[in-house]
Amino acid sequence: MVCGLRVVVHGVCAGLIAGALATGAVAQDSADAKIAATPPMGWNSWNFFAGKVTDKDIRDTADLLVSTGMRDAGYVYVNIDDTWEGGRDEQGRIKTNEKFPDMKALADYVHSKGLKLGIYSSPGAQTCAHFEGSLGHEEQDAQTYADWGIDYLKYDLCGYRQVMREKAPDDLAAQNKLMREAYEKMHQAILKTGRPIVYSLCQYGWDSVWTWAPSVGGNLWRTTGDINATFDRMSLIGREQSGLARFAGPGHWNDPDMLEVGNGKLTHDENMTHMTLWSILAAPLIAGNNLTAMTDDVKSILMNKNVIAVDQDALGKQGDRLYAEGPVEIWAKPLKDGSKAVAIFNFGESPTELRPIGLHLKELGFGHDAKARDVWGAKDLGTIKDDFNAQIPRHGVLLLILRK
């Protein structure tokens, strides 16, 4: 599920890490970097199926990711969220429930489609939806996942918060230490299996997680509370990523939560803004829409190869906010070929023509002008100057690639 109690049914020296992060580098095993060299892309079951997800649903999803073109666009992880868990056998080995009769066979099926399978657990005794967690069984569970052929683990703090409160009542620092140790314990268990598994830390951005998550093996980590399919919540979460760019890079990514493109009542412009902002942020692109009823409009946004290329750029740099004035914000992301992806957002309630707001080309490393391409419009704009104007609709965005 999306992290948190939404619905009831449902060791490296810290000083060294901080120093490395200040320069944009992270003490990270090269193997970890290879696991998530670019932000993971895929699909998660919670937004559409919630606690009702089944083996058949995941098989059908794998088929749809292929037939819709999502897989070829880069969405390769099929992630099962909460409610797959059964109890444990006499040896303490985790079992699946009746909805998932054979997880190994399911993984084999997903792999046969050129996709990868993800799973969900918690460092607590129970998950958010009160199913079996991994507390006290970390090595067993990690090995079971490896034996099944799992490629991605979303590890949700949910059920462990009670342990933190019980062991360290009224001591937030001690609770945070327990949290870090719990995530490191599963990290070591994953390493022991020898299987490359993406490790996703789901703990809502507590204790400035971006400063320590790499030291406990995190390939991505939630930086905020839960997203939902509203413009206000999505835009708030996205804009809260300002200042976090130096903590991200190959193998380790800030995660502002799953994509809501195609969900709820987001408009065309709002979906474009969502996809653009997440791509500028080098955020994981984990969709959660109804693939059986995906409109051509939603397809055109989720599978725009040029926007995805901004997110997946091999340089691995997260973008950041360059400028803000009222509802208009300019965000920029450096790309490997030396160009810059520049997004001009209108978070306001009426259209804007950018007057008298300049593009701030000098701050972007350009002179008085730059060659520009409109990414969503798929057209070259020629050479533009700092006083370039364009009308941007309410809740809309203009995404440019700028070159000298």
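Quick notes on the rules
- Residues numbered from 1 in each chain as written.
- Predicted model: local features only at pLDDT ≥ 70, side-chain atom pairs only at ≥ 80, totals over all residues.
- Heavy atoms only, no water.
- Helix = DSSP H or I, 4+ residues; strand = E, 2+ residues; numbered from the N terminus.
- Rg over C-alpha atoms; globule rule 2.2 N^0.38 Å.
- Buried < 20%, exposed > 50% of the residue type's maximum accessible area, 1.4 Å probe, protein only.
- Areas by Shrake-Rupley, 256 points an atom, 1.4 Å probe, with all protein chains shown as cover.
- Lys, Arg positive; Asp, Glu negative; His and termini not counted.
- Charge placed at Lys NZ, Arg CZ, Asp CG, Glu CD.
- Contact = heavy atoms within 4.5 Å.
- Pairing = 2+ DSSP bridges.
- Axes fitted to C-alpha atoms, helices over the stretch in contact; angles between N-to-C directions.
- Parallel < 35°, antiparallel > 145°, perpendicular 65-115°, else oblique.
- Left-handed = near helix turned anticlockwise from the far one by under 90°.
- Core = buried A, V, L, I, M, F, W, Y, C linked by side-chain atoms within 4.5 Å.
- pLDDT = per-residue confidence, 0-100.
- Phe/Tyr/Trp six-rings, centres within 6.5 Å; stacked < 30°, edge-to-face > 60°.
- Lys NZ or Arg CZ within 6 Å of the ring centre and 35° of its normal.
- Arc of directions from axis to C-beta.

The next thing to look at is the overall build of the protein. Counting secondary structure elements, the protein contains 13 helices and 16 strands. Taken against the 2.2 N^0.38 rule, which gives 22 Å for 404 residues, the C-alpha radius of gyration of the protein at 21 Å falls within 12% of a compact globule. Here the protein holds 404 residues, and the buried ones make up 56% of them. Of the roughly 16,100 Å² of accessible surface on the protein, 52% is carried by carbon and sulfur atoms. Distance between charge centres in the protein, computed from 43 positive and 52 negative side chains, equals 4 Å.

Glancing now at helix 7 (residues 138–148). Taken as a whole, helix 7 has its buried residues at Glu138, Asp141, Ala142, Thr144, Tyr145, Ala146 and Trp148. Residues of helix 7 that are buried make contact with strand 3 (85–88), strand 4 (94–96), helix 6 (103–112), strand 5 (116–121), strand 6 (152–156) and helix 9 (172–193). Immediately downstream of helix 7, the backbone of Gly149 shows phi near 100°, a positive value.

A few words on the sheet that holds strand 12 (residues 328–334). Strand order in this open sheet of six strands is 11-12-13-16-14-15, and the pairing throughout is antiparallel. Edge strands, defined here as strands with exactly one partner in the open sheet, are strand 11 (320–325) and strand 15 (379–385). Recorded for the sheet is a direction-independent mean angle of 25° between the axes of neighbouring strands. Across seven bridges, strand 12 lies against strand 13 (residues 340–346) in antiparallel orientation. Bridge pairing in strand 13 places Lys333 opposite Ala341. Each of strand 12, strand 13 and strand 16 (397–403) touches helix 11 (residues 268–280); the most contacted strand, strand 13, lies at about 140° to it.

Our focus in this paragraph is the packing of helix 7 against helix 9. Two elements in contact, helix 7 and helix 9, have axes separated by 8 Å at closest approach and are oriented at 45°. Considering the angle they form, helix 7 stands oblique to helix 9. Note that helix 7 runs across helix 9; the crossing there is right-handed. Across the interface between the two elements, Glu138, Glu139, Ala142, Gln143 and Ala146 of helix 7 pack against Lys185, Met186, Ala189, Ile190, Lys192 and Thr193 of helix 9.

What follows concerns the nonpolar core. Across soluble globular proteins, nonpolar side chains have a tendency to be buried as a group. Counting residues in each nonpolar core, the largest one holds 90 residues, and the members touching the most others are Tyr75, Trp84, Met103 and Met275. Here the element with the most residues in this core is helix 9; it accounts for seven residues. When neighbours within four sequence positions are excluded, Met275 is seen to be in contact with Tyr75, Leu259, Val261, Leu285, Ile301, Leu302, Val307, Ile308 and Trp376. Counting 21 residues, the second largest nonpolar core, distinct from the first, contains Leu354, Ile357, Leu361 and Ile392.

Ordered by their spatial adjacency, eight strands build an open sheet running 9-8-7-6-5-2-1-10, and the pairing between neighbours is parallel. Each having just a single partner strand, strand 9 (253–255) and strand 10 (285–287) make up the two edges of the open sheet. The sheet shows a mean angle of 25° between the axes of neighbouring strands, taken without regard to direction. Sheet topology note: the strand 5/strand 6 ladder contains four bridges and is parallel. If you follow Gly118 over to strand 6, its bridge partner there is Tyr152.

So, on to the side chain of Ser200. Relative to the helices and strands, Ser200 is located in strand 7 (residues 198–202). Sequence-distant contacts of Ser200, that is, excluding residues within four places in its chain, are made with Tyr152, Leu153, Lys154, Tyr155 and Leu220.

Let's shift gears to the confidence of the model for the protein. Averaged over every residue, the pLDDT of the protein is 92; residues scoring 70 or more account for 92%. When the criterion is pLDDT under 50, residues 4–29 qualifies, and its contacts beyond four places in sequence or with other chains add up to 50 contacts.

What follows deals with the packing of aromatic side chains. Inspection of every chain in the model, using the stated rule, returns twelve aromatic pairs. Measuring from centroid to centroid gives 5.7 Å for Tyr155 and Tyr183, while their planes differ by 80°, and the two rings are edge-to-face. Of the two residues, Tyr155 sits in strand 6 while Tyr183 sits in helix 9, which places them 28 residues apart along the sequence. No difference in accessibility class separates Tyr155 from Tyr183, as the two residues are buried. Pairwise contacts between aromatic rings join Trp43, Phe48 and Phe49 into one cluster. Its end group placed over the ring of Tyr109, Arg59 keeps NZ or CZ at 5.0 Å from the ring centre.

Of note, Pro214 is situated in the loop between strand 7 and strand 8 (220–222). The buried category is assigned to Pro214, whose relative accessible area is 4%. Between the alpha carbons of Pro214 and Trp253 there is a distance of 9.1 Å; along the sequence they are 39 residues apart.

Moving on to unusual backbone geometry. Even without glycine at this site, Tyr204 takes up a positive phi of about 70°. The topology assignment puts Tyr204 in the loop between strand 7 and strand 8.

Let's shift gears to helix 10 (residues 231–239). In an α-helix there are 3.6 residues to a turn, and that puts residues three or four apart on one side. Within the sequence span of helix 10, burial applies to Phe231, Met234, Ser235, Ile237 and Gly238. Projected down its long axis, helix 10 carries its buried residues within an arc of 160°, all on one side. If you follow the buried residues of helix 10, they end up packed against helix 11 and strand 12.

This next bit is on the pairing of strand 15. By the bridge criterion, six bridges tie strand 14 (residues 369–374) to strand 15 in an arrangement that is antiparallel. Across the sheet, residue Lys371 finds its bridge partner in strand 15, namely Thr383. The turn linking strand 14 back onto strand 15 is made up of four residues, and Ala378 within it adopts a positive phi angle of 55°.

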